[in-house]
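Topology and contacts: notes
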Amino acid sequence: MFGRARIDKSDDLTFLKQMGVESVTVRDKQFFQQPCMGQEGKRCRFYNDARRFNVCKTFRCRLLKQYISGEISYHAAIAIIGEIMIRRQSVKAFSEMLYTDHNSREPSIFSFIKELHISGKMEDLAFRRTYSKQILDCFIFRELLERSFYKKNSKVPEYDERQSTL
């Protein structure tokens, strides 16, 4: 769900490079692109390695915190994740259908939605009628991310393409 993850000062940069993970610097902070090179399907091949990235060892999304504290049941959390994945697929398909610049990196959900607004397509009644379900899925996906993955008092960054990829 996230476009990049922060590299902690305690992370072993040599290990990162050996594993093929490339870092990027944004505002004097280092990050690695997601999905990480260690991801194999739904599993991390570095999971049992003590040198695994600190962010991977410590990250707990809001939904996981709610489950651990008993605020939400396992089945409810799984249902939310399922809904997010369905909406994600819809937004991804919509993006691929409309996004024609295949020479650049795949747009994030935030930059994709922003581009819909900037281009004026969202003001076009025919466009809205044709793609109403996909447009709604974009906004529902964004809202589900905000409610389930971000801290209680923070919001999903407004159209920040560096935070989430499709």
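Residues numbered from 1 in each chain as written. Predicted model: local features only at pLDDT ≥ 70, side-chain atom pairs only at ≥ 80, totals over all residues. Heavy atoms only, no water.

Thoughts on the pattern of salt bridges
We count it as follows: A pair is scored as a salt bridge if a Lys or Arg side-chain nitrogen falls within 4 Å of a carboxyl oxygen belonging to Asp or Glu. The helix and strand labels rest on DSSP assignments: H or I over at least four residues marks a helix, E over at least two residues marks a strand, and numbering proceeds from the N terminus. Residue exposure (1.4 Å probe, protein chains only): buried if accessible area is under 20% of the type maximum, exposed if over 50%, otherwise partly exposed.
Under the defined criterion, the tally for this structure stands at seven salt bridges. Two residues, aspartate 137 and arginine 87, come together in a salt bridge whose shortest N-O distance is 2.2 Å. In this pair, aspartate 137 sits in helix 7 (residues 132-149) while arginine 87 sits in helix 4 (residues 74-98), placing the two residues 50 residues apart along the sequence. With respect to burial, aspartate 137 and arginine 87 carry one shared label: buried. Put simply, glutamate 143 and arginine 147 hold a salt bridge, and the shortest N to O gap is 3.2 Å. Here glutamate 143 pairs with arginine 147, and both are found in helix 7, just four residues apart, close to one helical turn. By relative accessible area, which is 33% here, glutamate 143 ends up partly exposed. Linked by salt bridges that have partners in common, Glu83, Arg87, Lys133 and Asp137 make up one network.

Considering the sheet that holds strand 1 (residues 4-6)
Let me state the cut-off plainly: Here the rule is simple: two strands pair whenever DSSP picks up at least two bridges between them. The axes used here are C-alpha line fits, helices contributing only the stretch in contact, and every angle between their N-to-C directions lies in the interval 0 to 180 degrees.
Ordered by their spatial adjacency, three strands build an open sheet running 1-3-2, and the pairing between neighbours is antiparallel. Whereas interior strands pair on both sides, the edge strands pair on one side only; in this sheet they are strand 1 and strand 2 (23-26). Sheet twist, expressed as the mean angle between neighbouring strand axes with direction ignored, is 40 degrees.

Section: a positive patch on the surface
The condition is simple: Like-charged residues are merged into a patch within 9 Å and nonpolar side chains (Val, Leu, Ile, Met, Phe, Trp, Tyr) within 5 Å, provided each residue has over 30% relative accessible area and no salt bridge. In short, Shrake-Rupley with a 1.4 Å probe defines the accessible areas, and a residue's cover is counted only from the protein chains shown. Just so you know, the count uses Lys and Arg for positive and Asp and Glu for negative, and it drops His and the chain ends. The atom standing in for a charge is NZ when the residue is Lys, CZ when it is Arg, CG when it is Asp and CD when it is Glu.
Residues Arg6, Lys9, Arg27 and Lys29 make up a contiguous surface patch of positive charge. The topology assignment puts lysine 9 in the loop between strand 1 and helix 1 (13-18). Judged by its relative accessible area of 87%, lysine 9 is exposed.

Digging into the confidence of the model for the protein
This is how the line gets drawn: Predictor confidence is given residue by residue as pLDDT, running from a minimum of 0 to a maximum of 100.
Within the protein, residue pLDDT values average 79, and 82% of them lie at 70 or more. Predicted confidence in the protein is weakest over helix 5 (residues 109-118), with a mean pLDDT of 74, and strongest over helix 3 (residues 62-68), with 91.

Considerations on the packing of aromatic side chains
What characterises a pair of aromatic rings is the spacing of the ring centres plus the angle enclosed by the ring planes. Quick note on the threshold: The pairing test for Phe, Tyr and Trp rings, Trp by its six-membered ring, is centres within 6.5 Å, and the orientation test on the planes gives stacked under 30 degrees, edge-to-face over 60, and tilted for anything in between. Note on criteria: charge over ring means Lys NZ or Arg CZ within 6 Å of the ring centre, with the direction from the centre no more than 35 degrees off the ring normal.
Evaluation of the coordinates by the stated rule reveals eight aromatic pairs. Relative to tyrosine 74, the ring of tyrosine 67 has its centre 6.2 Å away and its plane inclined at 65 degrees; by these criteria the two rings are edge-to-face. In this structure tyrosine 67 comes out as partly exposed when scored by relative accessible area, which is 38%. In this structure an aromatic cluster arises from ring pairing among Phe15, Phe32, Phe46 and Phe53. Between the NZ or CZ atom of arginine 52 and the centre of the ring of tyrosine 47, over which it lies, the distance is 4.3 Å.

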